[in-house]
Amino acid sequence: MKMPVFTEPDTDEVFVNNLSSPEYDDRLQAVTNIKNAVIGNKAKKSSFIRLDVIPKIIELLVQDDTGIEFVVESVVLLGSLARGSAENVQALLEAHSLDVFFKGICHSDARVVAASVRSLKSLYSSSLTPCSPVFKNPSIVPQLVELLSSSLSNAEGAALILSKCCQGPAHQALLCNMGAVTALLPLLVCDIPKIQHPALQCYAAMSFQNGAVSLAMKSATHQGEQLVQVFTRLLSRDRPDEVQLGAAKCLTNMHRAGAIPAAENHSLLIKVLATAVRMCKWDKILTVRAEAAETLAFLIEEDTELQRTAAISDHLIKTLTGFLVKSDLDDSSYALMRESAFKALASVGANDEDIRKKIIEIECTMDHVVSGLEDPNTNVKLAAVKCLHSLSRSVQQLRTSFQDTAVWKPIMKLLQDASDNMMTVASSALCNLLLEFSPSKEPILEAGAVNLLSNLTRRQETALRLNGVWALMVGRTTRKVKAAAH
C-alpha cells in the first residue's frame, strides 16, 4: 500500500498568507518575516513580488487599525524591493508605491519619515522612476527641502531625490525659492563624502543653464565662506573623486550660466578644467570618467582658449579616443563612454584646425565616428553627429579623411528620419561636406541631397530652414541643381 505524500507549504507563501490574518500581531510578524527574508536576497525579492506582496502590503497600510510598527516595517520592505531588478521597480510603480512614500515623508512619526526617505531614495536610484510626481504634489518639495536640515541620513536622501527630479527652469526656480541653496550648504561642509556628493548633485541640477539660480549660489555664504569658495576647496586632490567631480560640475554650470565670467576667474576655470581632465584618466571608475568627459565638454564648448589648454593637458585627446574602444565593457557602459567621448572631442576640436587634425590622425577615430552615426542608442548617435560636425570644420580633413570614410552616407540617412535636434546638427555637418573644396560634394548631390535639403527649407524650425537654405547655396554647381532646388 502506497503511503500518501505530504508536502509542506512554501514558506514564502505562508508569510504572504499570514498578511491576511485578522490578528494585527500576526500581520506585523508576517511583514517582518518577509522584510528579513528579502534584505540582500534578489531571488527572494522576485519570489515575493510574484506572490503579489506589494499590493497586499499597500492595501493593509491604509486600514484603520494599522499600527506605526507595521507601517515602518512595510515601508522598509517596499524600499528593499526597490533595490532589486528593473522589474521590481516597475512592480512598485504600478502599485502606486510612490504615493505611500510621499505620504510617509510627511508623517508625524520620525521613524516613518526616515524609512520613507530611504525607500524613496532607493526607488529614485532607478531611471524608471518618473520625476514629475515629486513636483506635481505641492507638499512634497517643501517637505524634502525641510528634510535637508534634518538628520544627515534624511538630508542625504532628500538631496539625492531632489537632484534626480530637478529638471528644467520651473523646478530649479521652485527649489531656489524654497531655500534649497541655503539649506544644502551645511551638507557640503560636513566633510562626510556620502553626504557631500548628493548635495553637489543637487546644486549641479539647480544651476544647469540657469543664470538666476547660479547667481543665487554665487551670493550664498556659510559661516563667512562663500559657496564658490567651498566648491573650490572641494576640488582638492585629497577629496574623493565623486566629490571633486561634483564640485567641478557645479562651477562649470555656474560659469556657463554667466555667474562666473572667464575674464575674472581664469585661474579658477583652469583648476576646474584640470580636475575634469584628471577624472577622465583610465584609473578612475567608468561612471566618473564618463561624467568628467561630459563636464569637460560643457566647460570648454564655447571657449577657444580653454579648448587649446585642454588639448595639451595630460594626453587628453588620446585618453578620450581610448573611450571609443569597447574592450570588455558591456553594451550600456560602452554606450555611456562613447557618448561622453564624442561630446568632449567635439568641444576640444570646435575651433582649432591643428587640434582637429590631431584628433583625426589617431588611428580609427573616424571609423568610430562613422559607427557612432549608426549606433542604435540615440544619445550616442547625437553625440557622434556633434563630433562629426566639429571635425568637419577642417578644410584639410574634408579633402582626405572624410572622403576616405564616406561619412556623408550615414548623415544622409539621418536626414531622412531623425529628431529635430539630430537633424539640425546633421544638416549643419552636411553644409560643411558640401563646401566647394570637399570631394564629398558631388556624391552627396548625386545621392539626392537636393530634395532632402529642399524639404528642410519648408520646415517650421528656424535652424532647419536656415541649414537647408545654406546647404543648397553652398552645394549648387550646375543649372540643373539650381532648378531642382527651386
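Everything that follows concerns the structure shown earlier in this document.
Summary of the structure given here. This one's a predicted model, so the numbers in the text were calculated from it and none came from an experiment.

**Quick word on the packing of helix 1 (residues 11–18) against helix 3 (residues 42–50)**
Here's step 1: One can describe the packing of helix 1 onto helix 3 by two numbers: an axis separation of 10 Å at closest approach and a directional angle of 50°. Viewed along their axes, helix 1 and helix 3 adopt a mutual orientation that is oblique. Relative to helix 3, the crossing made by helix 1 is right-handed. Packed against helix 1, whose contacting residues are Asp-12, Phe-15 and Val-16, the element helix 3 presents Lys-44, Ser-47 and Phe-48 at the interface.
Here's step 2: Looking at the contact of helix 1 with helix 3, its residues break down into three nonpolar, one polar and two charged.

**What to know about the pattern of salt bridges**
Where charged atoms from two side chains of opposite charge come close, those side chains can pair.
Here's step 1: A complete count under the given rule lists 21 salt bridges for this structure.
Here's step 2: Between Arg-111 and Asp-109 there is a salt bridge; the shortest N-O distance is 3.2 Å.
Here's step 3: With a shortest N-O distance of 3.4 Å, Arg-356 and Glu-353 are connected by a salt bridge. Residue Arg-356 and its partner Glu-353 are located together in helix 23 (residues 353–361), separated by three residues, close to a single helical turn.

**A closer look at the side chain of His-255**
Here's step 1: With respect to the element layout, His-255 can be found in helix 17 (residues 241–256).
Here's step 2: Among all residues touching His-255, those that are not within four sequence positions of it are Ile-260, Pro-261, Ala-262, Leu-269 and Leu-299.

**Topic: a nonpolar patch on the surface**
Here's step 1: Nonpolar side chains collect at one region of the surface, where Val-469, Trp-470 and Met-473 lie side by side and expose about 290 Å² of accessible area between them.
Here's step 2: With respect to the element layout, Trp-470 can be found in helix 32 (residues 462–475).
Here's step 3: Judged by its relative accessible area of 44%, Trp-470 is partly exposed.

**Details of the packing of aromatic side chains**
Here's step 1: Counted under the stated rule, the structure contains three aromatic pairs.
Here's step 2: Ring geometry for Tyr-24 versus Phe-70: centroids 6.5 Å apart, planes at 50°, classification tilted. Of this pair, Tyr-24 sits in helix 2 (residues 24–38) while Phe-70 sits in helix 5 (residues 68–82), and the two are 46 residues apart along the sequence.
Here's step 3: Between Phe-208 and Phe-298 the ring centres are 5.3 Å apart and the planes differ by 45°, which places this aromatic pair in the tilted class. With a gap of 90 residues between them, Phe-208 in the loop between helix 14 (193–207) and helix 15 (211–219) and Phe-298 in helix 19 (residues 286–300) connect regions that are remote in the sequence.
Here's step 4: A residue is classified by how much of its surface remains accessible, and Phe-298, at 15% relative accessible area, is buried.

**Focus: unusual backbone geometry**
Here's step 1: The backbone of His-315 sits at a positive phi, close to 55°, despite the residue not being glycine.
Here's step 2: Assignment of secondary structure puts His-315 in the loop between helix 20 (304–311) and helix 21 (316–322).
Here's step 3: Positioned with a positive phi, Cys-364 is a non-glycine residue whose angle comes to about 75°.
Here's step 4: Locating Cys-364 in the fold gives a position in the loop between helix 23 and helix 24 (365–373).

**Describing the packing of helix 10 (residues 140–147) against helix 11 (residues 152–165)**
Here's step 1: Close contact between helix 10 and helix 11 brings their axes to 8 Å; oriented N to C, the two are set at 135°. By the criterion of interaxial angle, the relationship of helix 10 to helix 11 is oblique. The two elements helix 10 and helix 11 meet at a crossing, and its hand is left-handed. Where helix 10 approaches helix 11, its residues Leu-144, Val-145 and Leu-147 are matched on the opposing element by Asn-154, Ala-155, Ala-158, Ile-161 and Leu-162.
Here's step 2: Classifying every residue of the contact of helix 10 with helix 11 gives seven nonpolar, one polar and no charged.

Criteria and thresholds
- Residues numbered from 1 in each chain as written.
- Predicted model: local features only at pLDDT ≥ 70, side-chain atom pairs only at ≥ 80, totals over all residues.
- Heavy atoms only, no water.
- Axes fitted to C-alpha atoms, helices over the stretch in contact; angles between N-to-C directions.
- Helix = DSSP H or I, 4+ residues; strand = E, 2+ residues; numbered from the N terminus.
- Parallel < 35°, antiparallel > 145°, perpendicular 65-115°, else oblique.
- Left-handed = near helix turned anticlockwise from the far one by under 90°.
- Contact = heavy atoms within 4.5 Å.
- Nonpolar A, V, L, I, M, F, W, Y, C, P; charged D, E, K, R; others polar.
- Salt bridge = Lys/Arg side-chain N within 4 Å of Asp/Glu carboxyl O.
- Patch = residues over 30% accessible without salt bridge, like charges linked within 9 Å, V, L, I, M, F, W, Y side chains within 5 Å.
- Areas by Shrake-Rupley, 256 points an atom, 1.4 Å probe, with all protein chains shown as cover.
- Buried < 20%, exposed > 50% of the residue type's maximum accessible area, 1.4 Å probe, protein only.
- Phe/Tyr/Trp six-rings, centres within 6.5 Å; stacked < 30°, edge-to-face > 60°.

Function-wise, these values are silent; they only describe arrangement.
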